[in-house]
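Below are the chains, spelled out letter by letter.
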Amino acid sequence: MISQQIISVAKAMVADDKGLLAMDESTPTCNKRFEKAGIPQTVESRRAYREMIVTTPGLGKFINGAILYDETIRQSGKDGTPLIKMIIAAGIIPGIKVDAGTKDMPGHPGEKITEGLDGLSVRLREYSKMGACFAKWRAIFAVGDGIPSRDCIKANAHALAGYAVLCQEAGLVPIVEPEVLMDGSHTMEQCGEATEEVLREVFIQLSIQNVALEGMVLKPNMVVPGLTCPVQETVDETADATVRYLLRAVPDSVQGIAFLSGGQSAELASARLNAMNVRFGPQLPWPLAFSFARAIQQPALEIWHGEPANVAAAQHALYHRARCNWAARRGEYSASMEKIRA
Ligand code: 13P
């Protein structure tokens, strides 16, 4: 039996038109983004960056939960206050990424398998004691010639479900994140077909492993064409396709859907989420929310640039993106919101 506490947290994660802020980049991923932006790749700059994010004034008006990485959940602000305490004080629920990243899948060129089940229940209990209320595990699927393969889909779905049931046993809400990647020249329909096949298998595995769907949040990709596909559908077309494929594969009892941004521009991610909520919002069985990393953080990261003098401007940019996505949940986002920012 799933506890009422888990269901309440899952509800709170997608409540009030707010969303989730993914700030759980692993150290190598965070370093890559820092390198690209010309920021030193040190423990201290990662700490200062995360402190900048969590001290953004008013962030809790638009963000229900923040997903942290192991390094961050153990770090403190300049004044010694643990970052997790600052998050809770801002009215934001803390969560933690618990997968151990992806590895090449043996015998399956071009495909990846997510690792991290070994010792997971011990880690979940430790994170829970530290204050985390939910967790996240990401599986990725490339689209291409003959891929994603059945083997890759089954293996990753099995691991996602194994992770999810361990989370619920440890009292944490699992965010289940199967991501069909945008890299490549595949069409929007190919993305949709891969997304449907992946989601169907994920929900079969979740059911076999007795995961309570009302105590979880699904974090899928939007259904969009590959980044180098010559045909790029309109915002409304991608909104229609995303909802069409989700309705085919996602059971009604899932507590909420919080999209990843996957490398879309920040503005496009907001516009697509907005279109889905305008066109379908009230008729859908689940709320359509956001759990973006790049589409919330990227403009702020570029402004911050590792300089204490830029903190306020970077926080302003972060606040703005969080507000735009809150508006997109309400179907109130428009391109004019981008103009009045400065
Ligand atoms: P993006 O929104 O940048 O895709 O990141 C979401 C995430 O949590 C990836 O695991």
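The notes below deal with the structure included here. (Residues numbered from 1 in each chain as written. Predicted model: local features only at pLDDT ≥ 70, side-chain atom pairs only at ≥ 80, totals over all residues. Heavy atoms only, no water.)

Some points on the environment of P109
Operational definition: Here a strand is any run of E in DSSP of at least two residues, a helix any run of H or I of at least four, and the numbering for each starts at the N terminus. Exposure is judged per residue with a 1.4 Å probe applied to protein chains only, and the accessible area is read against the type maximum: over 50% gives exposed, under 20% gives buried, and values in between give partly exposed.
Position of P109 relative to the elements: it lies in the loop between β4 (102–104) and β5 (112–114). P109 gets classed as exposed once you look at its relative accessible area, which sits at 74%. A C-alpha to C-alpha distance of 9.4 Å links P109 and I147, two positions 38 residues apart in sequence.

Things to note about helix α6 (residues 120–130)
Under the convention used in this document: Picture the helix axis, draw a direction to every C-beta atom, and the arc is the one those directions span. Two residues form a contact once any of their heavy atoms are found within 4.5 Å.
Along α6, the positions that sit buried rather than exposed are L120, L124 and Y127. The arc that holds every buried residue of α6, seen down its axis, measures 65 degrees, which confines them to one face. Exposed and facing more than 90 degrees away from the buried side of α6 are V122 and K129. Those residues of α6 hidden inside the fold are in contact with α4 (70–73), β3 (93–97), β6 (134–141) and α7 (150–169).

Some points on the site of the ligand
Quick note on the threshold: Throughout this document, a residue counts as near a molecule or strand when at least one of its heavy atoms sits within 4 Å of that molecule or strand. Whenever a nitrogen or oxygen atom comes within 3.5 Å of another N or O atom, the pair is scored as a polar contact, on the condition that within protein one atom can donate a hydrogen and the other can accept it, and that pairs from neighbouring residues in sequence are kept only if both atoms are in side chains. Computed with a 1.4 Å probe, the accessible areas rest on the Shrake-Rupley method; for each residue, only the protein chains presented here act as cover. Any residue outside Ala, Val, Leu, Ile, Met, Phe, Trp, Tyr, Cys, Pro, Asp, Glu, Lys and Arg is labelled polar, Gly included; the first ten of those are nonpolar and the last four are charged.
Residues in close proximity to the ligand total 13 residues, the closest being K136, K219, S261, G262 and R294. In this structure, R138 approaches the ligand through a side-chain N or O atom, which is 3.4 Å from an oxygen atom. The separation between an oxygen atom of the ligand and a polar side-chain atom of S261 is 2.5 Å. Out of a free accessible area of 300 Å², the ligand has 93% covered by protein chains. Contributing elements (two or more residues each) for the shell around the ligand: β6 and β10 (288–292). Grouping the amino acids of the shell around the ligand by side-chain chemistry returns four nonpolar, three polar and six charged.

Observations concerning the sheet that holds strand β2 (residues 63–68)
For the record, the criterion: The pairing criterion is simple: DSSP has to find at least two bridges between the two strands. The angle between two axes is taken between their N-to-C directions and runs from 0 to 180 degrees, where each axis is a line fitted to C-alpha atoms and a helix contributes only its stretch in contact.
The sheet built from eight strands closes into a barrel, its strands ordered β1-β2-β3-β6-β7-β8-β9-β10 with parallel pairing. Relative to strand β7 (residues 173–180), β6 runs parallel, the two sharing eight bridges. Across the sheet, the residue bridging to A135 is P174, located in β7. Sitting on the sheet, helix α10 (residues 266–280) is in contact with β9 (256–259) and β10, with an inclination near 165 degrees to β10.

Points about the environment of Q315
Structurally, Q315 is set in helix α12 (residues 311–329). Relative accessible area serves as the criterion here: at 10%, Q315 is assigned to the buried category. Between the C-alpha atoms of Q315 and T195, which are 120 residues apart in sequence, the distance is 34 Å. Residues contacting Q315, with those up to four places away along its chain left out, are M52, T55, T56 and P57. One polar contact links the side chain of Q315 to the main-chain carbonyl oxygen of M52, over a distance of 2.9 Å.

None of this, on its own, says anything about what the molecule does.
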